[in-house]
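Residue-level structure breakdown
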Amino acid sequence: MNKKKYALIFCDIQKKIMPHIFNSNLIIQSSHFLYQNASHSNSKIQHINSYSLLPDKLGPCLLSEKYHLSSINKSTYSVVNKELLDILNKQNIDHVILTGVETHWCIYQSAYDLLKANKKVIIPKDAVGSQHKDDHESALNQLYKDGCVETTAKGLVSQFYDSIYSDGVKKYISYLKK
């Protein structure tokens, strides 16, 4: 992962949605873990943003509130739009980490839009979810089959660090002991 540049995208992790999502606590925990470690990864994560579907009805992004991230309102299932593609291309970001809900709607459509834009899409399976486990698993199987990278939040974060002396490794190791 050394020379690559990454974007971390949080999709629809919203107050009114998450109580209805299977394994929502794991998704939130994994997304927090990714965000916390992204800030210690020697700038391999070049862009972090959250997207919220109909925030006036479904509430704000939980991570935006906690970490004071800007949250972009969206009216389509996909997070991909001209603005995001311009940012990714301008910063030479070739890998996008997608987290959030629902796997079979917003994550699915966002991933395929990013693949069409020649981006490598990484989907930590413990940081995405759906209301129904079958929908989640079916969508992930298709996404991984079609070229998205399968991983977990911990597996992905372990690749952010070049050595055991890198900034943030102690925090990462203490988390692994939990």
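The structure we're discussing is the one just above.
The sections below set out a description of the structure shown in this document. Since this is a predicted model, take the numbers as computed values, not measurements. (Residues numbered from 1 in each chain as written. Predicted model: local features only at pLDDT ≥ 70, side-chain atom pairs only at ≥ 80, totals over all residues. Heavy atoms only, no water.)

Right, let's get into the packing of aromatic side chains. To describe a pair of aromatic rings, you give the distance between the ring centres and the angle between the ring planes. For the structure shown, the criterion picks out four aromatic pairs. Relative to Y35, the ring of F10 lies with its centre 6.5 Å away and its plane at 50°, an arrangement referred to as tilted. Separated by 25 residues along the polypeptide, F10 in strand β1 (residues 6-11) and Y35 in helix α1 (residues 24-38) bring together distant segments of the chain. Pair check on accessibility: F10 and Y35 agree, each one buried. Through pairs of rings, three or more aromatic residues link up here, namely F10, Y35 and Y67. (Phe/Tyr/Trp six-rings, centres within 6.5 Å; stacked < 30°, edge-to-face > 60°. Helix = DSSP H or I, 4+ residues; strand = E, 2+ residues; numbered from the N terminus. Buried < 20%, exposed > 50% of the residue type's maximum accessible area, 1.4 Å probe, protein only.)

A few words on unusual backbone geometry. At the junction of V101 and E102, the peptide bond is cis and its omega measures out at -20° in the coordinates. Note on placement: E102 falls in the loop between β4 (95-101) and α5 (103-116). Of note in this structure, L54 is not a glycine but carries a positive phi near 45°. Turning to its location among the elements, L54 is positioned in the loop between β2 (45-53) and α2 (55-58). Given a relative accessible area of 40%, L54 falls into the partly exposed group. The backbone of N92 shows a phi angle near 55°, a positive value even though the residue is not glycine. Take N92: it is sitting in the loop between α4 (82-90) and β4. The exposure class assigned to N92 is exposed, which follows from its relative accessible area of 56%.

In this section: the pattern of salt bridges. Inspection of every chain in the model, using the stated rule, returns five salt bridges. In this structure, K82 and D86 form a salt bridge, with 2.8 Å as the shortest nitrogen-oxygen distance. Of this pair, K82 and D86 are both found in helix α4, four residues apart, which corresponds to roughly one turn of the helix. Residue D86 is classed as partly exposed on the basis of its relative accessible area of 34%. (Salt bridge = Lys/Arg side-chain N within 4 Å of Asp/Glu carboxyl O.)

Another aspect to go through is the pairing of strand β5 (residues 120-124). Most of β5 is tucked away: four of the five residues are buried. Across three bridges, the pairing between β4 and β5 is parallel. Bridging from a neighbouring strand, I97 pairs with I122 of β5. For the crossover from β4 across α5 to β5, the handedness is right-handed. (Pairing = 2+ DSSP bridges. Right-handed = clockwise from strand over helix to strand, strands pointing away.)

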